[in-house]
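# Structure at a glance
One-letter residues, chain by chain:
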Amino acid sequence: MKVLHLDVNHPLIIEQFNAIGFQNDEDYTSSKEEIESKLHVYDGIIIRSRFTIDKLFLDKATNLKFIGRLGAGLENIDTNYAEEKGIFLASAPEGNRNAVGEHTLGMLLSLFNKLNIADKEVRSGRWDREGNRGVELDGKTVGIIGYGNMGKAFAKKLRGFDVEVICYDIVGGVGNDDARQVGILELQQKTDVLSLHVPQTDLTIGMINEGFINAFHKPLWLLNTARGKCVRTDDLVAALESKKILGAGLDVLEYEKSSFENMFTEANMPEAFQYLIKSDKVVLTPHIAGWTVESKVKLAQTIVDKVKAKFC
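Presented here is a report on the structure given in the accompanying data block. (Residues numbered from 1 in each chain as written. Predicted model: local features only at pLDDT ≥ 70, side-chain atom pairs only at ≥ 80, totals over all residues. Heavy atoms only, no water.)

### Re the nonpolar core
Counting 29 residues, the largest nonpolar core has Ile145, Leu194, Leu196, Ile208, Leu222, Leu236 and Leu276 as the members making the most contacts within it. Among the elements that make up this core, the one with the highest residue count is helix H10 (residues 233-242) (4 residues). Not counting chain neighbours up to four residues away, the residues in contact with Leu196 comprise Ile145, Ile208, Leu222, Leu223, Asn224, Thr225, Ala226, Cys230 and Val231. Within the second largest apolar cluster, 21 residues are counted, among which are Leu108, Tyr147, Leu158 and Val174. (Core = buried A, V, L, I, M, F, W, Y, C linked by side-chain atoms within 4.5 Å. Buried < 20%, exposed > 50% of the residue type's maximum accessible area, 1.4 Å probe, protein only. Helix = DSSP H or I, 4+ residues; strand = E, 2+ residues; numbered from the N terminus. Contact = heavy atoms within 4.5 Å.)

### Re the pairing of strand E2 (residues 23-26)
Two elements, strand E1 (residues 2-5) and E2, share 4 bridges in a ladder whose sense is parallel. For Lys2, the partnering residue across the bridge sits in E2 and is Gln23. Each parallel crossover has a hand, and for E1 linked through helix H1 (residues 12-19) to E2 it is right-handed. (Pairing = 2+ DSSP bridges. Right-handed = clockwise from strand over helix to strand, strands pointing away.)

### Details of the sheet that holds strand E8 (residues 180-181)
The 7 strands are arranged E8-E7-E6-E9-E10-E11-E12 in an open sheet whose pairing can be described as parallel. The strands lining the two open edges of the sheet, one partner per strand, are E8 and strand E12 (282-284). Sheet topology note: the strand E9 (residues 193-196)/strand E10 (residues 220-224) ladder contains 4 bridges and is parallel. Looking across to E10, one finds that Ser195 is bridged to Leu223. Against the sheet, helix H7 (residues 149-157) contacts strand E6 (141-145), strand E7 (164-168), E9 and E10, and its axis sits at roughly 165° relative to E6. Sitting on the sheet, H10 touches E10, strand E11 (245-250) and E12, and the angle it makes with E11 is about 140°. (Axes fitted to C-alpha atoms, helices over the stretch in contact; angles between N-to-C directions.)

### Thoughts on the side chain of Asn24
Note that Asn24 resides in strand E2. Asn24 has contacts with Val3, His5, Ile14, Phe17 and Asn18, leaving out every residue within four places of it along the chain.

### Brief notes about the pairing of E11
Counting buried positions along E11 gives 5 out of 6 residues, so the element sits mostly inside the fold. Across 5 bridges, E10 lies against E11 in parallel orientation. Each residue of the ladder has a partner; that of Leu222, found in E11, is Ala248. At this point the chain moves from E10, through H10, to the parallel E11, and the crossover so formed is right-handed.

Written as structure tokens, this is what we have:
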């Protein structure tokens, strides 16, 4: 098989493909149009998020047998059309789920203990102990929306805390010893901390909006290490201002580019985005929850294993 690598990944993926006799070509700089002009000679594509793989792209790939995406989701691929063409799709949520679970817990503890605020103050010469008094996680109810690889990984990280963990998912029967599956009404009644672990779909885009937030019985903390477009930022800001949301840990943002790069190139950033940047109730990271030294290896290995299982 001839495989075209469109993003730089861990070298093991090329090394192991070479070992099973695949031909590996790398092209990390050509335009989408230039890539499309030569797609017809390739059996496989390895990509992260460089391009949107749409119908036109897939129609150019007349010999394509598989697409490997080194990430958890496939939202940058027209999956329905790819499946119609019989193309095998491999993503790798198993590869970075542990990293996401750890990062989500880190954001939560940082918010509860005001680590981002205290660090800045101490560096500037301010020693404010009372102003940085934290709250404890024990005794809280953590609600998880989306209980797949990422949601389960976060719940597992909470085992050492005296918390109730509940989960909500459109798929039934996904709860386990780490989280009890509940309906939406119980989730909204009990939750103190809400963590999103859903893919980006028509159902999840904009799901965290004013109405959804206000349906929760208690003020809550929000964590999003899933996809930025699941949260309406204007509504999040309003909830932060009204203290319906006490704080937010955001690894992803509604305003991300499709390539997850160059977030600050636009001359006029949205007002809501500016609020998030300035707010001491918000912890921000640049879509790195699943971006660890270890996950780089695991993501690549997961794709190799899935492709080998299918074609070797």
